[in-house]
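Secondary and tertiary structure notes
The residues making up each chain are set out below.
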Amino acid sequence: MAAAASLSHLLLARRRNPSPIPSSRAPALLPFARRRQRSATAISAAAAAAASDLLTAAPSLKSRLADGQTLYGLFLLSFSPTLAELAALAGYDYVVVDMEHGPGGIPEALACLRALDAARTPAVIRLPEASPVWAKKALDLGPAGLMLPAVESPAAAAAAVSHCRYPPRGVRGAAHPIVRASAYGLDDSYHSRYEDDTLIICQVETTAGIAEIDAIAVVDGVDVVQMGPLDLSASMGYLWDPGNRKVRARLREAERKVLEARKKVTASDGNVAYLGGFAMPNDPAEQLKLRGYHMVAGAVDIGMFRKAALEDVKRFKEAVMEIGEEEDEDDDEKNGKEDDGYWSE
């Protein structure tokens, strides 16, 4: 990576020794000087190795999918950099910063991306809508990928891809010499590799989109087709019943089309997207993996905190009630003994 190479050159270049060569008038200092020089060399080598590890680019999500890995992720709706960092340290393969349903915008997303980058965990930004303006602003932050909602046709998928590419292959506005995605212009290889590194995820989440899913999956540049069970259930008239058997059957049909197309694909056939999905109470993450999903979003940070908070409050209140009942029983026994003592007297 050019940016990494230039930065490492600047950070790790060995400084010239400013000390003069010891003179023959101070022979007793030579062994100490040599030991100090060897020690400095060892420290410099260790620092160079540590810095090199930090500057080495982590494998992209696209390369990991190509290697056959199943990636497990988390949705971040809180826009909390602390929770983003914690999710990364917990070991999630990627974190989706959700600008569609979360309260944050570009500045808040940037803070989360910095936290995730520091923990070397890829960030995917879900856009509020599949538009060139939102795609341009999000991509300039330097995420590992974009998730574009409500893609319902091959034409819409092709337009979504064009939002992510510079002319003449797309319509993305060009500011690569100064934006964060190119290390503010320090990474002169960005323009030549951004298409290979950036994961483009199209959400298919309506009955119209499901009907076209096999055609959407083969659009050039679409890397992942992401199922949207909640919006699909709403579009089918089952907003409050996403586990309805008709919704499940439609999802299974869509899954089958994508997975069968991937089994038949060869290098000469062109693009066929990977399959991504959301875990649901009636369809847990482990089941998605068993059915062949390549990217699985297992939880939402808000949902995880809500569950933990409710359980914590419930545990405390139930414990207090039990303690109160035990204290009442102890008081009754104590009072009974005191009463017995009083009457016996």
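Residues numbered from 1 in each chain as written. Predicted model: local features only at pLDDT ≥ 70, side-chain atom pairs only at ≥ 80, totals over all residues. Heavy atoms only, no water.

Structural notes on the side chain of Asp223
- Tracing the sequence through the fold places Asp223 in the loop between helix 10 (213-217) and strand 6 (224-227).
- At 2.8 Å, the side chain of Asp223 and the backbone nitrogen of Ile200 are in polar contact.
- Those residues in contact with Asp223 that lie beyond four places of it in its chain are Lys62, Thr198, Leu199, Ile200, Ala273 and Tyr274. (Helix = DSSP H or I, 4+ residues; strand = E, 2+ residues; numbered from the N terminus. Polar contact = N/O pair within 3.5 Å; in protein donor to acceptor, adjacent residues only side chain to side chain. Contact = heavy atoms within 4.5 Å.)

Overview of the nonpolar core
- One finds Val97, Ile125, Leu146, Val222, Val225 and Met227 to be the most contacted residues of the largest nonpolar core, which totals 56 residues.
- Here this core gets seven residues from one element, more than from any other, and that element is helix 5 (residues 106-118).
- Those residues within four positions of Met227 in sequence are excluded, and the remaining contacts are Val204, Ile210, Ile213, Leu251, Ala254, Leu275, Gly276, Gly277, Phe278 and Tyr293.
- Judged by nonpolar contacts, the second largest core, of 15 residues, contains Leu61, Val124, Met147 and Val224. (Core = buried A, V, L, I, M, F, W, Y, C linked by side-chain atoms within 4.5 Å. Buried < 20%, exposed > 50% of the residue type's maximum accessible area, 1.4 Å probe, protein only.)

Brief notes about the state of the cysteines
- Per the stated rule, a full pass over the model turns up zero disulfides.
- With no disulfide partner, Cys202 has as its closest neighbouring cysteine sulfur the one in Cys164, 8.1 Å distant. (Disulfide = S-S within 2.5 Å.)

Here's the deal with empty space enclosed by the protein
- Going through the model one piece at a time under the given rule, you end up with one cavity of 30 Å³ or more.
- The set of elements that each furnish at least two residues to the lining of the largest cavity consists of helix 12 (245-264) and strand 7 (274-278).
- Considering only residue class, the lining of the largest cavity consists of eight nonpolar, two polar and five charged. (1 Å grid on protein atoms, 1.4 Å probe; cavity = no way out; pocket = protein on both sides within 12 Å on 5 of 7 lines; lining within 4 Å. Points joined across faces, edges and corners; volume = space filled by probe spheres on them. Nonpolar A, V, L, I, M, F, W, Y, C, P; charged D, E, K, R; others polar.)

Quick word on the sheet that holds strand 2 (residues 94-98)
- Taken in spatial order, the eight strands of this closed barrel run 1-2-3-4-5-6-7-8, and their pairing is parallel. The average angle at which neighbouring strand axes cross in this sheet is 25°, direction not considered.
- Its contacts with the sheet put helix 5 on strand 1 (71-76), strand 2 and strand 3 (123-126), and the angle it makes with strand 2 is roughly 170°. (Pairing = 2+ DSSP bridges. Axes fitted to C-alpha atoms, helices over the stretch in contact; angles between N-to-C directions.)

As for helix 12
- When the terminal C-alpha atoms of helix 12 are compared, their 29 Å separation across 20 residues agrees well with the 28 Å that a helix rising 1.5 Å per residue should span.
- Looking at helix 12, one finds that the buried residues are Val247, Leu251, Ala254, Glu255, Val258 and Leu259. Projected down its long axis, helix 12 shows its buried positions confined to an angular sector of 125°, all on one face. Projecting away from the buried face of helix 12 at angles above 90 degrees are the exposed residues Arg245, Lys263 and Lys264.
- Where helix 12 is buried, its residues meet helix 9 (207-211), helix 10, strand 6, helix 11 (229-235) and strand 7.
- The backbone nitrogen of Lys246 has a side-chain oxygen 2.8 Å away, supplied by the residue at the start of helix 12, namely Asn244. (Expected span 1.5 Å × (residues − 1). Arc of directions from axis to C-beta.)

Thoughts on the pattern of salt bridges
- Enumeration over the complete set of coordinates arrives at 17 salt bridges.
- Each member of the salt-bridge network shares a partner with another, and the members are Arg165, Arg169, Glu195 and Asp220. (Salt bridge = Lys/Arg side-chain N within 4 Å of Asp/Glu carboxyl O.)

Here we look at the confidence of the model for the chain
- Residues with a pLDDT of 70 or more make up 76% of the chain, whose mean pLDDT is 85.
- The low-confidence segment residues 1-32, where pLDDT is below 50, has 23 contacts with residues more than four positions distant or belonging to other chains. (pLDDT = per-residue confidence, 0-100.)

Focus on the packing of helix 4 (residues 81-90) against helix 5
- The interhelical angle for the contact between helix 4 and helix 5, taken along N-to-C directions, is 30°, at an axis separation of 8 Å. Relative to helix 5, the element helix 4 is oriented roughly parallel. Crossing geometry of helix 4 relative to helix 5 is assigned as right-handed. Only Ala111, Cys112, Ala115 and Leu116 of helix 5 make contact with helix 4, whose side of the interface consists of Pro81, Ala84, Glu85 and Ala88.
- Of the residues in the contact of helix 4 with helix 5, the class split is seven nonpolar, no polar and one charged. (Parallel < 35°, antiparallel > 145°, perpendicular 65-115°, else oblique. Left-handed = near helix turned anticlockwise from the far one by under 90°.)

Re the environment of Leu86
- With respect to the secondary-structure elements, Leu86 resides in helix 4.
- In this structure, the C-alpha to C-alpha distance between Leu86 and Leu116, residues 30 residues apart in sequence, is 8.9 Å.

A short note on the environment of Gly221
- Residue placement: Gly221 occurs in the loop between helix 10 and strand 6.
- For Gly221, a relative accessible area of 9% corresponds to the buried category.
- With 61 residues separating them along the chain, Gly221 and Ala160 place their C-alpha atoms 9.1 Å apart.
- The residues contacting Gly221, other than those within four sequence positions of it, are Val161, Arg165, Ile200 and Asn271.

As for the packing of aromatic side chains
- Under the definition given, this model contains four aromatic pairs.
- When the ring centre of Tyr274 is taken as reference, the NZ or CZ atom of Arg262 above it lies at 4.0 Å. (Phe/Tyr/Trp six-rings, centres within 6.5 Å; stacked < 30°, edge-to-face > 60°. Lys NZ or Arg CZ within 6 Å of the ring centre and 35° of its normal.)

Some remarks on the pairing of strand 6
- Going residue by residue along strand 6, you find Val224 and Gln226 tucked away on one face and Val225 and Met227 tucked away on the opposite face as well.
- Sheet topology places strand 6 next to strand 7; three bridges connect them, and they run parallel. Within the sheet, the bridge partner assigned to Gln226 lies in strand 7 and is Gly276.

Focus: the pairing of strand 2
- Burial runs high along strand 2: five of the five residues are buried.
- Alternating positions in strand 2 separate into two faces, Tyr94, Val96 and Asp98 on one and Val95 and Val97 on the other, with burial throughout.
- In the sheet, strand 1 pairs with strand 2 via four bridges, with the strands oriented parallel. For Leu74, the partnering residue across the bridge sits in strand 2 and is Val95.
- Handedness of the β-α-β unit built from strand 1, helix 4 and strand 2 comes out right-handed.
- Here four bridges tie strand 2 to strand 3, and the two strands are oriented parallel to one another. Bridge assignment links Asp98 to a residue of strand 3, and that residue is Arg126.
- Tracing the backbone out of strand 2, into helix 5 and back to the parallel element strand 3 gives a crossover that is right-handed. (Right-handed = clockwise from strand over helix to strand, strands pointing away.)

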